[in-house]
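# Analysis of the macromolecular model
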Amino acid sequence: MGFLEHKFNDNIIVGQVDKLIGWARSNSPWYFQFGLACCAIEMMSAAAARYDFDRFGAMPRSSPRQADVMIVAGTVTMKMGLRVRKLWEQMADPKYVISMGSCATAGGPYWQHGYHVLKGVDLVVPVDVYVPGCPPRPEALLEGLMKLQEKIKKQKTLVKIDE
Amino acid sequence: MPDIRTEEMVINMGPQHPSTHGVLRLKLRTDGEIVTHIDPVLGYLHRCFEKHAENLEYPQVVPFVDRCDYLASMNNDHGYAMAVEKFLGIELPERVEYIRVIFAELQRIASHLVALGTFGLDVGAFTPFLYCFREREMILDLFEMTCGARLLYNYIWVGGLSHDIPEGFVEKAYEFLDHFEPKIKEYNDLLSYNKIFIERTADVGTLPADVAISYGATGPVLRASGVDWDLRRDEPYSIYDRFDWDVVVGNDDVGSVGDCWNRYYVRVAEMEESAKIVRQALDQLPVDGDVKEAIPRKIRPDKGDLYFRSENPRGELGFYLVSDGSPKPMRVKMRSPALANLGVIDEIGSGWLIADVVAILGSLDIVLGEIDR
Amino acid sequence: MTSQEIYDILVSQFGDSILEFSDEPLAEYIIVDSKDWYPIAQFLHDDERLVFDSLMNLSGVDFGKKADQMEVVYNLFSMSHRHKINIKIQGPREDFVVPSVESVWRMADWFERETFDMYGIIFEGHRNLKRLLLPDDWEGFPLKKDYEVQEYYHGIRVPKVKPKKLN
């Protein structure tokens, strides 16, 4: 800080570009409303007036091309798993996936005799945050989103990463 | 003008769509903007409920029944529990019956609030969605006070209930009813008599009464087409014959009988009637009685089969049970009202614009968890 | 009208096709031969004394390998006369063919497709008998008692239906 001190007015901030990008990205995670089953109702409740999702900067988008985060809410079946993969591929980088509920994490209550149920959405797309519960309370989903925000803040975009 | 060769286009209103209320795929064959044929493709949420039910004992099936129609879990539990109780021939204490009716009707109000909110969202109005969910949160507070869960309760067991209602429940329920009844007027001002909403939904997608009966459509869809039929009054189960309320049928004040506006309006009026039933049940609630005394130790019905039906917010929910004398059912078939209601979409959706198909689908109020089971 | 009277009307019209009748509690049904089912269905729908205009439910039942029998059950109701009847059609576990009644009650369209999807029962005369809930290239009929799942579906491993013993 030596030779920069007291040279400029007090409205100049110095920092890393990575941290600036991380701060900007984590405070506007536009989510792709991919509600499949019961967890979708809790996602809608989280977006409604009492547990406000909008104060985190998260807006619902219906098209994958405009979204950053895909919240997989509900049971993924074999028939739907192929489409989940297609939609994930249509999202632009950087993209993240939150797996909401126990059905998307590991098959949920249908794990034992469900011949058509995919045991976990991480068999088709890579997942960043798992939110357990059946269904998880809206506050649990908000905590999942906050953990994702921490993960986004720590991501390095410009610094060279050793392979 | 020279002869232009035109062709029909096939548009996919795919499984992921903001207006299809779940994972439903509609293959639309359109001639320009007008839809000529609709072909629904189902099964994107087929979770093998009937296979699970054959491998579990009778009381263990209740959480799975919950998750089929996740917007009306109490009514699903109620229907299944009553079907098995009829099979076994159990008598229930009065307090259990009254509490069940209170919760079933509160759940009916909550389910209709979601239906109205999302229908407004489909047609383009965002504010009613937030208002409806505000009232719904108050109902979910009442449920959470009693059984701990907000959406999927596992509360109404075969032969009784899982928890008794806590202290302070009755006062809070009266507070909610006093707050809720003036709100119906607010919804009517916001949406029902709004000129844009009327132009969007009146005279759109008219369903004649005989077509509705042939397709098996029940519930508000059937009542909006002018048929005066409600299972709670015409084939009374539980203690519904002790309450005084009206059955709402479609009218032609705004639009015609059987159109989208009537299907929407029947739901708004039904919420008012359900609030009346809850108030009467709270007034008549007996103060003592054990909610768990009639729960049987081991459920092992005799050989035979039974079909029992009850009134869900979406229509007639039926359970067909076949027993072979063992503690696990041999067959549980859930006759889902939304599957029969969705069958009419080709009849009433053809010939309208694509935007009208969205309004018609929203007015049928389907839940995919119940259709695909 | 009671079930006994309905049975008498049907026997007077169709004679040998009506196979069995039972009136016990928890076991009220009329068993009908499958080859005459379509004219019987039309008669039940159109006759003024009966007027069964509402098909409440249609389901298939599999009784297992030992009993070696499957069944299709129709629960009928009349909105004007308010009486009910259950009709059953019995058949073998393989190659079970039943005439389709989807032109009499339009609700039977999707319910028959679902029964075909789950049990493999063929409904003759149906305009579009395809699978309803499972994908079109799925193998097997899941609700039969001896169903074995396929190994892989499009590269995804299908979970086994028979549960492992948990110690």
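Here we summarise the structure given alongside this text. In this text, all values refer to a predicted model and were calculated from it rather than measured experimentally.

## Let's talk about the pattern of salt bridges
Residues and elements named next belong to chain B. Summed over all chains, the structure comprises 52 salt bridges over all chains. A salt bridge links D230 to R232, with the nearest nitrogen and oxygen atoms 3.1 Å apart. Judged by relative accessible area, which is 1%, D230 ranks as buried. Looking at R232, the relative accessible area reads 4%, which means it is buried.

## Section: the interface of chain B and chain A
Taken together, the contact between chain B and chain A spans 31 residues of the former and 33 residues of the latter. Interface of chain B and chain A: buried area, both sides summed, is about 3,100 Å²; carbon and sulfur atoms make up 64% of it. Connecting chain B to chain A are four salt bridges. In this structure, A:E42 and B:R150 form a salt bridge, with 3.1 Å as the shortest nitrogen-oxygen distance. Where chain B touches chain A, the interface holds 13 residue pairs in polar contact (both at pLDDT 80 or more). Breaking the side of chain B that touches chain A down by element, the ones donating at least two residues are α1 (49-55) and α5 (127-147) of chain B. For the side of chain B that touches chain A, the element with the highest residue contribution is α5(B), accounting for seven residues. Each residue belonging to the side of chain B that touches chain A can be placed in one class, and the counts come to 16 nonpolar, six polar and nine charged.

## Notes on the state of the cysteines
Following the criterion strictly, the structure yields zero disulfides over all chains and no others. Of all cysteine sulfurs in the structure, the one in A:C103 sits closest to A:C134, which takes part in no disulfide; the separation is 5.6 Å. This cysteine, B:C48, is not joined by any disulfide, and B:C68 carries the nearest cysteine sulfur, 11 Å off. Residue classification places B:C48 among the buried positions, given a relative accessible area of 1%.

## Things to note about the packing of helix α7 (residues 183-192) of chain B against helix α12 (residues 260-283) of chain B
Residues and elements named next belong to chain B. In the contact formed by α7 and α12, the axes pass within 11 Å of each other and the chain directions differ by 165°. By the angle between their directions, the pair α7 and α12 is classed as roughly antiparallel. In terms of crossing hand, the pair formed by α7 and α12 is right-handed. Where α7 abuts α12, its residues I184, Y187, N188, L191 and S192 lie against W261, Y264, Y265, V268, M271 and E272. When the residues that make up the contact of α7 with α12 are grouped by side-chain class, the tally is eight nonpolar, two polar and one charged.

Calculation rules
Residues numbered from 1 in each chain as written. Chains lettered and ligands numbered in written order. Predicted model: local features only at pLDDT ≥ 70, side-chain atom pairs only at ≥ 80, totals over all residues. Heavy atoms only, no water. Salt bridge = Lys/Arg side-chain N within 4 Å of Asp/Glu carboxyl O. Buried < 20%, exposed > 50% of the residue type's maximum accessible area, 1.4 Å probe, protein only. Contact = heavy atoms within 4.5 Å. Buried area = accessible area lost by both parts, 1.4 Å probe. Polar contact = N/O pair within 3.5 Å; in protein donor to acceptor, adjacent residues only side chain to side chain. Helix = DSSP H or I, 4+ residues; strand = E, 2+ residues; numbered from the N terminus. Nonpolar A, V, L, I, M, F, W, Y, C, P; charged D, E, K, R; others polar. Disulfide = S-S within 2.5 Å. Axes fitted to C-alpha atoms, helices over the stretch in contact; angles between N-to-C directions. Parallel < 35°, antiparallel > 145°, perpendicular 65-115°, else oblique. Left-handed = near helix turned anticlockwise from the far one by under 90°.

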